[in-house]
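# Reading the structure
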Amino acid sequence: MFDYHFDVFLADTRESKEIHYSIRYQVYCEEMGFENKDDFPRELESDNHDQHSAHFIVRHKLTGQWVGAMRLIFQDGQPLPIEQYCTLQEPIRKNDIKQSAELSRLCVVKEVRRGFVDIDPPNGIEDENEAIKETCKVKLFNNHQKINRSIIWGLLNAATEYCYSNNIENWYFITTTALAKVLRKGGFN
């Protein structure tokens, strides 16, 4: 389903990274309010971890609309953010041959996730007064829950291929309970 409707790209140029940061700004600053808009006057949400990350973006084939993003943060000689901000039950695996990475900033734009109800943040429950209307710039997608999951799986598949090619064996990811269940059903531990 994903490959029929979407393309996923490794954002490895300045222009593609700006698309990635723009999607993050839209989701985390404008739509969910997790980050303060005023901290990003160029409307590009980024942080220090982006310097040692691989960025991925998803585009809807029919409309050309950018609909999702994700990044993998590498250890790069320093602790992963999850090690800095969380108490872990077991240490992050460090190995000279195989690396570990932290999956973060996995996001899908509101037009796609609007039909997906999750009891935990970060997937918000939409206010009906702020319902998205279809316009010449915004095309609504049918079957939102399946599309949302398809985009997530497409991003995870791209990251899997990237990691396989780059000797990255382990991922660490802070997520909601609902998404963790979906990932476990799909075979992620």
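Calculation criteria
Residues numbered from 1 in each chain as written. Predicted model: local features only at pLDDT ≥ 70, side-chain atom pairs only at ≥ 80, totals over all residues. Heavy atoms only, no water. Helix = DSSP H or I, 4+ residues; strand = E, 2+ residues; numbered from the N terminus. Expected span 1.5 Å × (residues − 1). Bend = angle between axes of the 7 residues up to and from the residue. Buried < 20%, exposed > 50% of the residue type's maximum accessible area, 1.4 Å probe, protein only. Core = buried A, V, L, I, M, F, W, Y, C linked by side-chain atoms within 4.5 Å. Contact = heavy atoms within 4.5 Å. Salt bridge = Lys/Arg side-chain N within 4 Å of Asp/Glu carboxyl O. Patch = residues over 30% accessible without salt bridge, like charges linked within 9 Å, V, L, I, M, F, W, Y side chains within 5 Å. Areas by Shrake-Rupley, 256 points an atom, 1.4 Å probe, with all protein chains shown as cover. Lys, Arg positive; Asp, Glu negative; His and termini not counted. Charge placed at Lys NZ, Arg CZ, Asp CG, Glu CD. Arc of directions from axis to C-beta. Pairing = 2+ DSSP bridges. Axes fitted to C-alpha atoms, helices over the stretch in contact; angles between N-to-C directions.

### Section: helix H2 (residues 14–31)
- For H2, which comprises 18 residues, the first-to-last C-alpha distance of 24 Å matches the rise-based estimate of 26 Å (1.5 Å per residue) to within 8%.
- The largest bend in H2 is about 25°, located at Tyr 25.
- Turning to H2, its buried residues are Ser 16, Ile 19, His 20, Tyr 21, Ile 23, Arg 24, Tyr 25, Val 27, Tyr 28 and Cys 29.
- Looking one or two residues beyond H2, the residue adopting positive phi is Gly 33, at roughly 70°.

### Structural notes on the nonpolar core
- Judged by nonpolar contacts, the single largest core of 35 residues is most densely connected at Ile 23, Phe 56, Met 70, Leu 72 and Ile 151.
- For this core, the elements supplying multiple residues, two or more each, are strand E1 (6–11), H2, strand E2 (53–60), strand E3 (66–74), strand E4 (99–108), helix H5 (144–165) and helix H6 (177–185).
- Looking at which element gives the most residues to this core, the answer is H5, with 7 residues.
- When sequence neighbours within four positions are dropped, the list of residues in contact with Leu 72 reads His 52, Ser 53, Ala 54, Phe 56, Ala 101, Glu 102, Leu 103, Ala 159, Tyr 162, Cys 163 and Trp 171.
- In terms of nonpolar packing, the next biggest core, distinct from the first, is built from 5 residues, Ile 73, Ile 82, Ile 92 and Tyr 172 among them.

### Considerations on the pattern of salt bridges
- The final tally for this structure, using the stated rule, is 10 salt bridges.
- The closest approach of N and O atoms between Lys 61 and Asp 7, which form a salt bridge, is 3.8 Å. On the criterion of sequence distance, the pair formed by Lys 61 in the loop between E2 and E3 and Asp 7 in strand E1 is long-range, its members being 54 residues apart.
- The partly exposed category is assigned to Lys 61, whose relative accessible area is 40%.
- Each member of the salt-bridge network shares a partner with another, and the members are Arg 24, Glu 35, Glu 45, Asp 47, Asp 50, Arg 71 and Arg 105.

### Brief notes about a positive patch on the surface
- Residues Arg 149, Lys 181, Arg 184 and Lys 185 make up a contiguous surface patch of positive charge.
- In this fold, Lys 185 is placed in helix H6.
- Owing to a relative accessible area of 80%, Lys 185 belongs among the exposed residues under this scheme.

### Here's the deal with H6
- Buried residues of H6: Leu 179, Ala 180, Val 182 and Leu 183, and no others. In an axial view of H6, the angular spread of the buried residues amounts to 160°, which keeps them on one side of the axis. Exposed residues pointing more than 90 degrees away from the buried face of H6 are listed as Arg 184 and Lys 185.
- Looking one or two residues beyond H6, the residue adopting positive phi is Gly 187, at roughly 105°.

### Topic: the sheet that holds E1
- The strand order across the open sheet built from 5 strands is E1-E2-E3-E4-E5, with neighbouring strands paired in mixed fashion. Every other strand in the sheet has two partners, leaving E1 and strand E5 (168–172) as the edge strands with one partner each. Each adjacent strand pair in this sheet contributes to an overall mean axis angle of 25°, direction not counted.
- Across 6 bridges, E1 lies against E2 in antiparallel orientation. The partner of Asp 7 across the bridge, within E2, is Arg 59.

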